Amino acid sequence: MTEIISVRFRPGGKQYYFDPAGLTVAEGQSVIVETGKGLEYGTCVRRNTMVEDEAVVQPLRPVVRMATERDEKQVRENRGREKEALRTCQQLVERHGLDMKLVQVEFSFDGNKILFFFTSDGRVDFRALVKDLAGIFRARIELRQIGVRDEARMLGGFGICGKPFCCAQFLDEFQPVSIKMAKTQNLSLNPTKISGTCGRLMCCLKYEQGAYEDAVKRCPKQESFVECPDGAGTVSSVNLLREQVKVRLEDCTEQPKAYLADEIRVVRHGKGKRPEGYEVPPKAELDKLRTAEGERVRSGGRPESQGGLGSALERYLGAAEGEQQRSGEGQKQGARRGRGHGNQGKPAQDRPRQERSSSKPRQPGAPQQGAGQRPSAQREQPAPAPGSEAKGGGAANRKRRYRPHHRHKPGGGQGPKPPQT
């Protein structure tokens, strides 16, 4: 067993093991360590820990000392010089006409070496650029070409999931990702949907690949000829998360039926012809494949003993359905409360037409009219007799009949006409 501490030099960068050399270092503390490039400033991300000898690459370099305030000040000065060096190098690149994109600049802790990272589609002859940079900064200059994934890690950002890049947070090394993983997980093969900001396949395709590969071993392939509790048929689709398959039965013209992978007996894997001389087993033998859990699934229920990705999906869907029901009930109650309060507090354009005031000026002595009332040129209806509301529903409950606007007589808003003599 070997005692080590883990140190990271850049946020989201790779972790390196160092010999604590008798020092007790806590997580988050800054240290000065010895590297192949000289003294470097880093942050401890894993305190003193014992690991196997096989996990350590010998010789293990030691920790020189804990970082002091003077070291912190020097690091801040180096960060300011990095920005200035980036602008200067960018001007020289444009002057030399080089096809390269500068990404980041790193100063060593003692300032004797400057490292420039850049991306380019091809090889770049930057010998003249290195001479100019060495003459300006009076230090050792190194230019290093990186890929688009390393560029995304250095610059950082947010992915389509809304969270910071995994490579900029916790991924120490890039794992190989292939389009076969998207096929295994039944994802869309559209490159724009399964690619990250860097333009390469998303690193998160690797996270659940092991679980999908394990589920593929337990489920039959599509177009396989299988036996199920209701007879023999061909697999039309496979749901790896739920470990369910849909089978088109030979003697049934209805829609394919869903079965669990445990209820399926594979006769032929994948596409091909029906086995010669094959006969469907008797019904009694096929009924032995039937399970209570499969019946619950076919009746619309959810399996209880399913684990892994399927159980997580079921819990998520159940929580989403409950939240949707609660929000729907809240909207209904809000609508009922809104109807009970009437139109108080509503703007004029949202109120019923009968409550708006007329835009025409009212003459002195004329009764005030609403925009939805009948023109005052018509004779007023006599007051209803007592008790007539109970029989006919009242004048207010009867439907109003409006004349078209082009039939309104002029001067309708000046009150009733005097009787003809």
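Everything numeric in this text was worked out from a predicted model, so none of it was measured.

What follows is about unusual backbone geometry. A cis geometry characterises the amide bond from Gln58 onward to Pro59, with omega recorded as 0°. When you line up the elements, Pro59 lands in the loop between strand S4 (38–51) and strand S5 (63–66). At Glu243, a residue that is not glycine, the phi angle is positive and equals roughly 55°. Relative to the elements of secondary structure, Glu243 occurs in the loop between strand S10 (231–239) and strand S11 (244–249).

Quick look at the packing of aromatic side chains now. According to the stated counting rule, one finds 4 aromatic pairs in the structure shown. Between the aromatic rings of Phe118 and Phe126, the centroid separation amounts to 5.8 Å while the plane-to-plane angle is 75°, which identifies the pairing as edge-to-face. Residue classification places Phe118 among the buried positions, given a relative accessible area of 1%. Owing to a relative accessible area of 23%, Phe126 belongs among the partly exposed residues under this scheme. Between the aromatic rings of Phe225 and Tyr278, the centroid separation amounts to 5.3 Å while the plane-to-plane angle is 90°, which identifies the pairing as edge-to-face. Taken as a pair, Phe225 in strand S9 (residues 225–228) and Tyr278 in the loop between strand S13 (265–268) and helix H8 (283–287) lie far apart in primary sequence, 53 residues in all. Each member of the pair Phe225 and Tyr278 is classed as buried.

Let's shift gears to the pairing of S11. Relative to S11, S10 runs antiparallel, the two being bridged by 6 bridges. Of the residues in S11, the one forming a bridge with Val238 is Val245. As consecutive antiparallel partners, S10 and S11 are separated by 4 residues, and within that stretch Glu243 has a phi angle of approximately 55°, a positive value. With 4 bridges joining them, S11 and strand S12 (residues 257–260) adopt antiparallel strand pairing. Along S12, the bridge assignment pairs Val247 with Lys257.

Strand order across the open sheet formed by 3 strands is S6-S7-S8, with mixed pairing between neighbours. Each having just a single partner strand, strand S6 (101–107) and strand S8 (140–145) make up the two edges of the open sheet. In this sheet, adjacent strand axes meet at a mean angle of 20° when their direction is disregarded. With respect to the sheet, helix H1 (residues 69–96) is in contact with S6 and strand S7 (113–119), its orientation differing from that of S6 by roughly 145°. Where helix H3 (residues 148–155) meets the sheet, its contacts fall on S6 and S7, and the angle it forms with S6 comes to roughly 55°.

Conventions and cut-offs
- Residues numbered from 1 in each chain as written.
- Predicted model: local features only at pLDDT ≥ 70, side-chain atom pairs only at ≥ 80, totals over all residues.
- Heavy atoms only, no water.
- Helix = DSSP H or I, 4+ residues; strand = E, 2+ residues; numbered from the N terminus.
- Phe/Tyr/Trp six-rings, centres within 6.5 Å; stacked < 30°, edge-to-face > 60°.
- Buried < 20%, exposed > 50% of the residue type's maximum accessible area, 1.4 Å probe, protein only.
- Pairing = 2+ DSSP bridges.
- Axes fitted to C-alpha atoms, helices over the stretch in contact; angles between N-to-C directions.
- Contact = heavy atoms within 4.5 Å.

As far as function goes, none of this settles anything; it's purely spatial.
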